[in-house]
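# Chains, contacts and geometry: an overview
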Amino acid sequence: MFESMSDAYIEQIRILIAHGADVNFRSKFGYTPLLNAVIGSEYKTALALLEAGADPELLDTHERSVIDQVKSMHDRQGGEGYGAFINALKERGYLDPSY
C-alpha cells in the first residue's frame, strides 16, 4: 500500500483499505501513506486514507505531520480533490475553519 499512493490507483487503494491495510503504516523515516499522498498532491488518495482512519497528526522522523505539510504547502493548492481533503481536515478539527 505504501508504494501506490497515487490517485491513478484510487480503486486499488480502496480495495486494500477494505481488506484491512494499515493506513498508519510507517516507513523507516516515519512516513505514512497519508503523508506520502499529501506530499505527492494525491488528494483523492489522501481523503480515502483520512476517511479510513489515517492519523494526520503522526510525526515523521523530522517531527513533521501531515498537518504541518499541508500548512507549508498552502500556496500549492493544486491537485484534484484538494478542497475536499482540506474540508475533511477542518470538519475533523485538524485545521481551523478559517484555513
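Residues numbered from 1 in each chain as written. Predicted model: local features only at pLDDT ≥ 70, side-chain atom pairs only at ≥ 80, totals over all residues. Heavy atoms only, no water.

For the rest of this paragraph, the subject is helix α5 (residues 82-91). For α5, every residue scored as buried is listed here: Y82, F85, I86, A88 and L89. The arc that holds the buried residues of α5, viewed along the axis, is 155 degrees, so those residues lie on one side. Of the surrounding secondary structure, the elements contacted by the buried residues of α5 are α2 (33-39), α3 (43-51) and α4 (66-72). Backbone geometry just after α5 places G93 at a positive phi near 85 degrees. (Buried < 20%, exposed > 50% of the residue type's maximum accessible area, 1.4 Å probe, protein only. Helix = DSSP H or I, 4+ residues; strand = E, 2+ residues; numbered from the N terminus. Arc of directions from axis to C-beta. Contact = heavy atoms within 4.5 Å.)

This part is about the environment of S72. Secondary-structure assignment places S72 in helix α4. A distance of 2.9 Å separates a polar side-chain atom of S72 from the backbone oxygen of Q69. (Polar contact = N/O pair within 3.5 Å; in protein donor to acceptor, adjacent residues only side chain to side chain.)

The next point concerns the packing of aromatic side chains. Applying the stated criterion to the full structure yields two aromatic pairs. On the numbers, 5.1 Å between centres and 80 degrees between planes, the contact of Y43 with Y82 is edge-to-face. In this pair, Y43 sits in helix α3 while Y82 sits in helix α5, placing the two residues 39 residues apart along the sequence. (Phe/Tyr/Trp six-rings, centres within 6.5 Å; stacked < 30°, edge-to-face > 60°.)

On to the nonpolar core. Core analysis: the biggest nonpolar cluster contains 25 residues, and L34, V38, V70, F85 and L89 have the highest contact counts within it. Broken down by secondary-structure element, the contributors of at least two residues to this core are α1 (10-18), α2, α3, α4 and α5. The leading source of residues in this core is α3, at six residues. In this view, L34 contacts A46, L49, A54, D55, P56, V66 and F85; residues no more than four positions away in its chain are not counted. (Core = buried A, V, L, I, M, F, W, Y, C linked by side-chain atoms within 4.5 Å.)

Another point: α3. For α3, the buried fraction is high: seven of the nine residues fall into the buried class. All buried positions along α3 are accounted for by Y43, T45, A46, L47, A48, L49 and L50. G53 lies just past α3 and shows a positive phi near 105 degrees.

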